[in-house]
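# Observations on chain architecture
Below are the chains, spelled out letter by letter.
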Amino acid sequence: MPIIFVVAYLFYHYPLLNGSFLDYSHEPGKELSTRIKVPQYVFDFGNWMNQQDPTRRYLIVPELSDTGFIAFEWGYWSAAPINSLQTKNSFVQNTFLVPHSERLFLKQMYKTFLSEDITSFTDFTEVFAIDGIVVQKDFDWQNISWGTTDPSKYEKILDKNPKFKLVKAFEKWKIYDIVDREKSFRVTATPKLHFLQGPLQNVMSFPEFDPISPLFMADMDPANISYFAKKATDIFVAPECVQCDLKEEFFGFKYYNPKLLPGSALYPLVRYREQRVKNQSNSFESLLNYYLTISDRRIVETKWMVDSKEKLQFLQTAMDGYYASIVELRDFVSRPWNVNGKDENRLARTINGHLLQQVSFIDSIFGDEKLNIEHRRVLALTYDEILKVKAIADKNQWVTEDITDKRYIFDLPKTGIYELYVTKKSLSDPNATSSGSAITFADKNAVLKPLSERDDWLYFGKINFPTTKLRLAFNDSTLKNFLENINPEFPDGTAGIIREDKKISMTLDSRNKCFTYTASNLETIGTQYLVSFGYRNLTDKKDLGFYVSEIKEKSPKLRIRESALPNSRAWANHYEVVTPTKDSIRLNFCNGFISISQKDSVKEREDLQFLSPGQTLNEVQGIGIYKISYPIVIFYQKQVETEKKEFVTDFKKINTVKYEINVAETKDPVTLVMRESYGKYWKLCDEQKKCLSFDDKNHFNSAGFTNGWYFKDGLKGKIELYYFPQKTYKIGAYIAITTLLIIVGGICWTKLRKR
C-alpha cells in the first residue's frame, strides 16, 4: 500500500518534478515559460534593491497590455512579475494581481506620463506612494499578442525631465528616483479628510484636491455616505455625463417563446409564480421590474398566439390581460418613486425601452386579419395607457440628446453652497475660447457662465442647493464641426444629386451613385468622433447607404449593400461613433446599389415604376463630425479649514504584514492612511493593545485601494498595524507541519515495532 501511495503521489506531481508545470507553450518559436535562464543583470538588480530602504515603492514601466501578460525578450512569460520574487521592496504595476478599479487608475497614470503631464503624474505617484521608477527595456513590447508602449519612450521622458534622477542601471533595467521625495507617503496622518462622489481621475488635477489626503469614495461605500459627508473637511462631487456619445443603450427585451399560453391547463402555475414574485418584491425597483416583466409577458403571449395561430379562442383573454397589466404599471409609476436621481434616470430609461419594444409588437399584429374589432379596440386602449406611462417616464428621464447639450443627473451628499468648476482639457477643443460655455439646471432659472480660470479649470461661481437631487446641462462652446466649409465630392458625377444649402437630395437619376465628405486634422490616439446627420427615404426600401472609410482604403461597390440605413419616410437622425486610426477619414453616402445582373432595376421595383426621372428618393441634411467630449464638472464644498500637518513622525515596516507607527499627539480629528491594498482585517492597536473592531465603519477604503482610519478624538503614541489573516495562516501552517510529522512519525514507529 505505501508503494502505491508513493507511485500515485509521484505521478500526480510529475509535471512539477520535471519542470513542465512551469511551461505554458511548447510551440516552436513561441515557447512560453518561467523555466528559463535569467540574465545576470536581473539578479544584480535584486541584490541591489534588497540593500535599499524597504519602505520605498517603485513603478514598473512600460505598462502591461490588457492581456496582463508579463513577457521579456529573454523568454520569461507569466502573469506574475519577476521583480516581486527578488526583493522585499514594493512594486506598482497594472497586473491581474491588483483589483480591476486599481488597474484602471494605473492605466490613467501611465497615460498622463506618456502625454508628459508630469504634474498630474506626480499626483498619481503620491496617491500610490511611489518613490521611484524602474524601466525594463527588455520587455517584449512588440509582440502582437501582448505588445505595449516602447520602453524607450519612458526612458526619454525620464532622462530629459529634471523631476527624475537616474540612480542605477543594470544593463537593460534602469532605476530613477523622483526628485525632492524626502519621505515616503506609505503611512500618513492628517487632519484633512476628502469626500469624493464620482471617478477619482476626474479630480486628480483639481486645485483643492490633495492626492495624499485620506479619501472616502462614496461610490464604493454607499452605506456610509451620510456619516463621512459630515466628517469630511472637503467634498468633491464629479458627476458623469449620461450618454455623452449619443449612443443609445439597449433597455428593452427580446421576443421569446412563452411556452404556456392563456387557456393552457398549466397556465395557473404561471399566475401563481408571478404572484410569488410580487410578494417577494419589497422595493420600488423590484416592484417596477415585476410590473414591466408582467406586461412584457402579456404582449409576448398575445403576439405568439397571433403568429403561431395557437389558442386563438383565448386571444381576447390575453389582450385583456395585457391591457390590465399596463393599467397596473401606469398606477404604480404614478406614485412617488423614492429613489436617487441616478436610479430614477436609469429606471425611466428602462421603462421607455420596454414600452418601445411592446409598441413594436403591437404594430406588428394590429393589422393581422386574425384580429377582430374588439381585439383592435383593446389594443388601442392599451396604446393610450402606454402613452401615459411614457409621459411619466419622460419626465423622470434626463439623457444627452444633443451633442452640444451634455446632461448629468446625480444626488449631492448633502445640501448647501457649492462652487462649480469645469476642466478645460475635458472640453472638445481645450485651446478654443470657452467663454460661451454655460451650465444650466432643470429646476433652476440660473445660467452660469465662466467667471475666471484657475490652473486649467473654469470657475462658474457658487450656488446654493436646497435639495440633493440635481439635473444639470452643460453647453460646450468649443465644439466644432470638422466638415464646416468642406465641400462634398462626387466621384460618380453630380447627375441626379441636388445640393441645397445644408441638404443634399438624391433623385432617381442618381441610383447607384455616391457622394463623399473628407474630414481632416483628426486626433488618432483613442479619440472618438461622432458622425451625425438627418435623413429620410421617400421609397419603401432601404435605399440610403452610409459607411466610413479611410482615405487610401478601396471601397468595394458591394459594401454599399451592407451599409443601408433603416428606412424612414419621416426625418430621422443617424449617429455613429468612429475612432480614427489616421488623421483623415471619408464619409460615404450612396443612393442604393444596383448589381450588373439587375438591368431593369427600376422596373423590378414596384415603388419606383411610376416615378418620374427627377423624383427624389433620399434626402440628407446637417452632416457633421464632432469630437466627442466628456466635460468634467466638479462641485466643491469646503467644510472645515485645516492646516497642512503631518502627524506621523516615523514608521517602520517590520515585514509585509506588520507596521509600527509613531504619531504626534493631537486631540483634533485626524485620519491615518496606510497605503497597502485595502483589507477589512488589518488590525489597528494602540500602545495599550486596545484594538479597533474589524467592523468599525471608521476603517474605510481610502482612494479605492488603500486603508484609512478616521479618529474623531485624535491620536497619540505608537500604533501597530497587523494583517490578522497572517496569524491564521501561521496557525494553519503549524498544524499542517505538525500533522505531517505525526503521520511520518507514526509510520516510522509502526515499522520499528514490526522489526
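Here, the structure is the one placed above.
A quick note: this is a predicted structure, and the numbers were derived from the prediction, not measured. (Residues numbered from 1 in each chain as written. Predicted model: local features only at pLDDT ≥ 70, side-chain atom pairs only at ≥ 80, totals over all residues. Heavy atoms only, no water.)

## Quick notes on the state of the cysteines
Considering all chains together, one arrives at 3 disulfides under this definition. The disulfide partner of Cys-241 is Cys-244, and the gap between their sulfur atoms is 1.9 Å. Taking the torsion about the sulfur-sulfur bond, which here is approximately 95°, the covalent link between Cys-241 and Cys-244 counts as right-handed. Here the two residues Cys-241 and Cys-244 agree in accessibility, since each one is buried. Between the sulfur atoms of Cys-514 and its disulfide mate Cys-590 the distance is 2.0 Å. On the sign convention where negative means left-handed, the S-S torsion of about 105° between Cys-514 and Cys-590 marks this disulfide as right-handed. (Disulfide = S-S within 2.5 Å. Buried < 20%, exposed > 50% of the residue type's maximum accessible area, 1.4 Å probe, protein only.)

## Some words on the packing of helix 4 (residues 100-114) against helix 6 (residues 151-160)
Running from N to C, helix 4 and helix 6 cross one another at 60°; their axes reach a closest spacing of 10 Å. Here helix 6 runs oblique to helix 4, going by the angle between their axes. Here Tyr-110, Phe-113 and Leu-114 of helix 4 come into contact with helix 6, specifically with Lys-153, Tyr-154, Ile-157 and Leu-158. Taken together, the residues of the contact of helix 4 with helix 6 break down into 6 nonpolar, no polar and 1 charged. (Axes fitted to C-alpha atoms, helices over the stretch in contact; angles between N-to-C directions. Helix = DSSP H or I, 4+ residues; strand = E, 2+ residues; numbered from the N terminus. Parallel < 35°, antiparallel > 145°, perpendicular 65-115°, else oblique. Contact = heavy atoms within 4.5 Å. Nonpolar A, V, L, I, M, F, W, Y, C, P; charged D, E, K, R; others polar.)

## A look at the nonpolar core
Grouped together as the largest cluster of nonpolar side chains are 41 residues, with contacts concentrated most on Leu-59, Phe-113, Ile-133 and Leu-200. At 5 residues, the largest contribution of residues to this core is made by helix 4. Aside from chain neighbours lying at most four places away, what touches Leu-59 is Val-92, Met-109, Tyr-110, Phe-121, Ile-130, Gly-132, Ile-133 and Val-134. Judged by nonpolar contacts, the second largest core, of 37 residues, contains Trp-337, Leu-347, Leu-355 and Phe-361. (Core = buried A, V, L, I, M, F, W, Y, C linked by side-chain atoms within 4.5 Å.)

## Thoughts on the pairing of strand 3 (residues 57-61)
Here strand 3 lies mainly inside the structure; 5 of its 5 residues are buried. The alternating pattern of strand 3 places Arg-57, Leu-59 and Val-61 and Tyr-58 and Ile-60 on opposite faces, both of which are buried. Strand direction decides the pairing type here: strand 3 and strand 6 (residues 90-92), joined by 3 bridges, are parallel. Counted as the bridge partner of Tyr-58 is Phe-91 from strand 6. Direction of pairing for strand 3 relative to strand 7 (residues 132-136): parallel, over a ladder of 4 bridges. Within the sheet, the bridge partner assigned to Ile-60 lies in strand 7 and is Val-134. (Pairing = 2+ DSSP bridges.)

## Notes on the sheet that holds strand 17 (residues 444-448)
The 4 strands lie next to each other as 14-20-16-17, forming an open sheet whose pairing is antiparallel. At either end of the open sheet lies a strand with only one pairing partner, and these are strand 14 (405-411) and strand 17. Here the average twist between neighbouring strands, direction ignored, is 20°. Relative to strand 20 (residues 469-475), strand 16 (residues 438-441) runs antiparallel, the two sharing 4 bridges. The residue of strand 20 that forms the bridge with Ile-439 is Phe-474. Its contacts with the sheet place helix 11 (residues 341-366) against strand 14 and strand 20, and it is angled at close to 120° to strand 14.

## Regarding the sheet that holds strand 9 (residues 173-178)
Read from one edge of the open sheet, 5 strands run 6-3-7-9-8, paired in mixed fashion. Of all strands in the sheet, those with a lone pairing partner are strand 6 and strand 8 (164-170), marking the two edges. Shown here is a sheet whose adjacent strand axes are inclined to one another by a mean of 30°, direction ignored. Here strand 8 pairs with strand 9 via 6 bridges, running antiparallel. Bridge pairing in strand 9 places Leu-166 opposite Tyr-176. Packed on one face of the sheet, helix 3 (residues 40-49) meets strand 3, strand 6, strand 7, strand 8 and strand 9 and runs near 125° to strand 8. The sheet strands contacting helix 4 are strand 3, strand 6, strand 7 and strand 8, and the helix crosses strand 3 at an angle near 70°.

## A word on the side chain of Ser-702
Assignment of secondary structure puts Ser-702 in strand 34 (residues 699-702). For Ser-702, the side chain forms a polar contact with the main-chain nitrogen of Leu-215, separated by 3.1 Å. Among residues more than four places away in sequence, those in contact with Ser-702 are Pro-214, Leu-215, Val-673, Asn-707 and Gly-708. (Polar contact = N/O pair within 3.5 Å; in protein donor to acceptor, adjacent residues only side chain to side chain.)

## As for the packing of aromatic side chains
Taken as a whole and judged by the stated rule, the model has 60 aromatic pairs. Measuring from centroid to centroid gives 4.9 Å for Phe-533 and Phe-546, while their planes differ by 65°, and the two rings are edge-to-face. Remark: Phe-546 occurs in strand 25 (residues 544-550) and Phe-533 occurs in strand 24 (residues 529-537); sequence separation between them is 13 residues. Take Phe-533 and Phe-546: they sit in the same class, and that class is buried. Judged by centre distance (6.2 Å) and plane angle (40°), the ring pair of Phe-651 and Tyr-659 falls under tilted. As far as burial versus exposure is concerned, Phe-651 and Tyr-659 are alike and both buried. Members of the aromatic cluster, joined through ring pairs, are Tyr-41, Phe-45, Trp-48, Tyr-58, Phe-72, Trp-74, Tyr-76, Phe-91, Phe-139, Phe-170 and Trp-173. Its end group placed over the ring of Tyr-255, Lys-303 keeps NZ or CZ at 5.4 Å from the ring centre. Cation over ring: Lys-480 sits above Phe-482, and NZ or CZ is 4.8 Å from the ring centre. (Phe/Tyr/Trp six-rings, centres within 6.5 Å; stacked < 30°, edge-to-face > 60°. Lys NZ or Arg CZ within 6 Å of the ring centre and 35° of its normal.)

## Considering the side chain of Asp-476
Residue placement: Asp-476 occurs in the loop between strand 20 and strand 21 (497-500). There is no salt bridge for the buried Asp-476, and the closest opposite charge comes from Lys-406, which lies 6.1 Å off by N-O distance. Polar side-chain contacts of Asp-476 include one of 3.3 Å to the side chain of Ser-629. Ignoring any residue separated from it by four or fewer positions in sequence, one finds Asp-476 in contact with Thr-404, Leu-427, Ser-428, Ser-437 and Ser-629. (Lys, Arg positive; Asp, Glu negative; His and termini not counted. Salt bridge = Lys/Arg side-chain N within 4 Å of Asp/Glu carboxyl O.)

## Considering the packing of helix 9 (residues 284-308) against helix 11
Between helix 9 and helix 11, the least distance of the axes is 10 Å, while the angle of their chain directions is 10°. It follows from the interaxial angle that helix 9 and helix 11 lie roughly parallel. Side by side, helix 9 and helix 11 meet where Phe-284, Glu-285, Leu-288, Leu-292, Ser-295, Asp-296, Ile-299, Val-300, Thr-302, Lys-303, Val-306 and Asp-307 of the first sit next to Arg-346, Leu-347, Thr-350, Ile-351, His-354, Gln-358, Phe-361, Ile-362, Ser-364 and Ile-365 of the second. Class assignment of the residues belonging to the contact of helix 9 with helix 11 gives a composition of 11 nonpolar, 6 polar and 5 charged.

## Considerations on helix 12 (residues 373-396)
Here helix 12 is 24 residues long and its end C-alpha atoms lie 35 Å apart, about the 34 Å a rise of 1.5 Å per residue gives. Looking at the packing, one finds that the buried side of helix 12 touches helix 10 (315-333), helix 11 and strand 20. Capping of helix 12 at its N-terminal end is provided by Asn-372; its side-chain oxygen lies 3.0 Å from the backbone amide nitrogen of Glu-374. (Expected span 1.5 Å × (residues − 1).)

## Some remarks on unusual backbone geometry
In the segment running from Val-61 into Pro-62, the intervening peptide bond is cis, with an omega of 10°. Within the secondary structure, Pro-62 sits in the loop between strand 3 and strand 4 (70-71). Unlike most non-glycine residues, Glu-116 shows phi in positive territory, near 60°. Structurally, Glu-116 can be placed in the loop between helix 4 and helix 5 (118-127). Of note in this structure, Leu-246 is not a glycine but carries a positive phi near 60°. Secondary-structure assignment places Leu-246 in the loop between strand 13 (234-237) and helix 8 (267-280). Of the residues examined, Leu-246 reaches a relative accessible area of 6% and is grouped as buried.

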